[in-house]
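Read off the chains here:
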Amino acid sequence: MVALMRELTPDEVLDQFLASNDAFLDVMGELDDDGWSMLAEAPPGHLPIRLVAHHALWDSWIHERDIALPLGLSPPTEPDEVRSCLRYVCALSSAFAIRSSHTITGEFALHANDPTLCCVVDVGKTVAVRDDVAPRTAPCLRGDAVALVEALSVRIPPPASVPAEWRQLFRRSRNCL
């Protein structure tokens, strides 16, 4: 696919990119409540379309940074996008971790800042992320929200302060992302 794109002019690549994004947004804009719950294919498997949209946002956000940061550019940091990406990558990395080992279960807390996000990642046979404050006994991953998205997306090493239980999730998911 990439080899075929090399034959296109930059304007043709941009036109295809814009057309595909417009088509995606048109489909998303037509969804009703039932539509957002329908299953669709995504890299982690069949998910409700609302999560496919989260995947698209996370993927775009990460790859925008992949391009901008090496060029010395600072991509904009929209708080709602960072929160959405952080929730999604918590679920994605946890889902990949349980796919490789069914021994990881429990409640995992996340406390991020700049922007602030407190959530609980429930890991069992499936994964769910909910905005909540976890019990004090839950292992808690803390840090800057953007850095946590980067670490959970396997772009930078995880913070040194990662609790052992979160390290287990990181270790198992790093082979899948």
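Everything that follows concerns the structure shown earlier in this document.
Everything numeric here is computed off the predicted structure, so don't read it as measured data. (Residues numbered from 1 in each chain as written. Predicted model: local features only at pLDDT ≥ 70, side-chain atom pairs only at ≥ 80, totals over all residues. Heavy atoms only, no water.)

> Tell me what's going on with the overall build of the protein, and back it up with residues and numbers.
Helix and strand content of the protein: seven helices and six strands. What you see in the protein, going N to C, is helices and strands ordered as α-α-α-β-β-α-α-β-β-β-β-α-α. With 177 residues in all, the protein has 34% of them scored as buried. Across the protein, every contact between residues at least 6 apart in sequence was considered, and the portion connecting residues at least 24 apart equals 55%. When the accessible area of the protein is evaluated, it comes to approximately 10700 Å², of which 57% is carbon and sulfur surface. Each charge class in the protein can be summarised by its mean position, and for the 15 positive and 25 negative side chains these summaries are 15 Å apart. (Helix = DSSP H or I, 4+ residues; strand = E, 2+ residues; numbered from the N terminus. Buried < 20%, exposed > 50% of the residue type's maximum accessible area, 1.4 Å probe, protein only. Contact = heavy atoms within 4.5 Å. Areas by Shrake-Rupley, 256 points an atom, 1.4 Å probe, with all protein chains shown as cover. Lys, Arg positive; Asp, Glu negative; His and termini not counted. Charge placed at Lys NZ, Arg CZ, Asp CG, Glu CD.)

> I'd like a description of a nonpolar patch on the surface, backed by residues and values.
A cluster of nonpolar residues, Met1, Met5 and Val13, forms a patch on the protein surface that exposes about 310 Å² of accessible area. Examined against the element boundaries, Met1 turns out to sit in the segment before α1 (2-5). (Patch = residues over 30% accessible without salt bridge, like charges linked within 9 Å, V, L, I, M, F, W, Y side chains within 5 Å. Salt bridge = Lys/Arg side-chain N within 4 Å of Asp/Glu carboxyl O.)

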